[in-house]
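# Chain and residue survey
Each chain, written out:
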Amino acid sequence: MKRVLVVIGLCLLWPLSALAEVSLQGNFTQGGLVFGATEPGNRVELDGVRLGLSSDGRFLIGFGRDASQTATLSITGNDGKTSKRTLAVANRKYKIQRIDGLPPRKVTPKPEDLARIKADNAGIGRVRGLETVAAYFSSGFTWPVSGPLSGVFGSQRILNGKPKNPHNGTDIAAPEGTIIRAPADAVVALVNDDMFYTGKTLMLDHGLGLTSVYAHMSAILVKQGELVKKGAPIGKVGKTGRVTGPHLHWGVTLGKTHLDPALIAGKMP
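A word on the nonpolar core. Judged by nonpolar contacts, the single largest core of 32 residues is most densely connected at L202, L204, L210, Y214, I234 and W250. Contributions of two or more residues to this core are made by β16 (186–195), β17 (199–207), β18 (210–217), β22 (247–254) and α3 (261–265). It is β22 that provides the largest number of residues to this core, a total of four residues. The residues touching Y214, leaving out its near neighbours within four places in the chain, are P144, I180, P183, K200, T201, L202, L204, H206, I234, L248, H249 and W250. By size, the runner-up hydrophobic cluster in this structure holds 16 residues, among which are L46, F63, A67 and L87.

This is the structure:
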């Protein structure tokens, strides 16, 4: 008889059922990403929503900034039998960040800017809608650039005194021109030299709906459709778009769910 094992972090194991062997490893917290594996061909669902599955049985679970404290994982085998487990999701507290002195047009766009912003968002949305059946993410993640964190995931920014949406990524301060490296294997899914908010912007597709974005760059060193390996140069730190100084905005999203890149990459070297 087989047993299903769930791995939290690197040490905690518990039995899930006798259906098939399943493993989970990652951060069971708001903003966390969990890497899962089961027998190829199984059906995997989280709270009733089917998850993508690679040919070797890998899948991903993402918990958003304000995710509920519990989620239900269901695994259905080829025999039609389903096993369920309730996953506990830890809550987090987020910081408030104030940034003043930005050009008013970048905080409250003029009507003539809205068409451009809409087009930018459509390009980003297209990438986040990809369902590439590949597990490029299995290379593991590292930091794309090193430096002080000038913005953290989940914090709410107040720009020129106006509250904005929560920050959906991590900002890393670094000198202009610093090389940005691919944090994991991926396919280049978007290259845009001049987005309204994010300037020179790059997006990578890591497979199964997991994508990452790199914003405010001074240069982009790869082409759309190119396969990049973990550690390969993909761009340079800059200050294009809506910024007050050179830094990299790095975001990671599973489908439409924003995740905390710092949790995924772990301790910065």
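Here the narrative resumes.
Should their charged atoms come close, side chains of opposite charge can pair. Summed over all chains, the structure comprises seven salt bridges. Between R116 and D194 there is a salt bridge; the shortest N-O distance is 2.9 Å. Residue R116 is located in helix α2 (residues 111–128), and its partner D194 is located in strand β16; the two are separated by 78 residues in the primary sequence. When its relative accessible area of 31% is taken as the criterion, R116 is described as partly exposed. When its relative accessible area of 49% is taken as the criterion, D194 is described as partly exposed.

Criteria and thresholds
Residues numbered from 1 in each chain as written. Predicted model: local features only at pLDDT ≥ 70, side-chain atom pairs only at ≥ 80, totals over all residues. Heavy atoms only, no water. Core = buried A, V, L, I, M, F, W, Y, C linked by side-chain atoms within 4.5 Å. Buried < 20%, exposed > 50% of the residue type's maximum accessible area, 1.4 Å probe, protein only. Helix = DSSP H or I, 4+ residues; strand = E, 2+ residues; numbered from the N terminus. Contact = heavy atoms within 4.5 Å. Salt bridge = Lys/Arg side-chain N within 4 Å of Asp/Glu carboxyl O.

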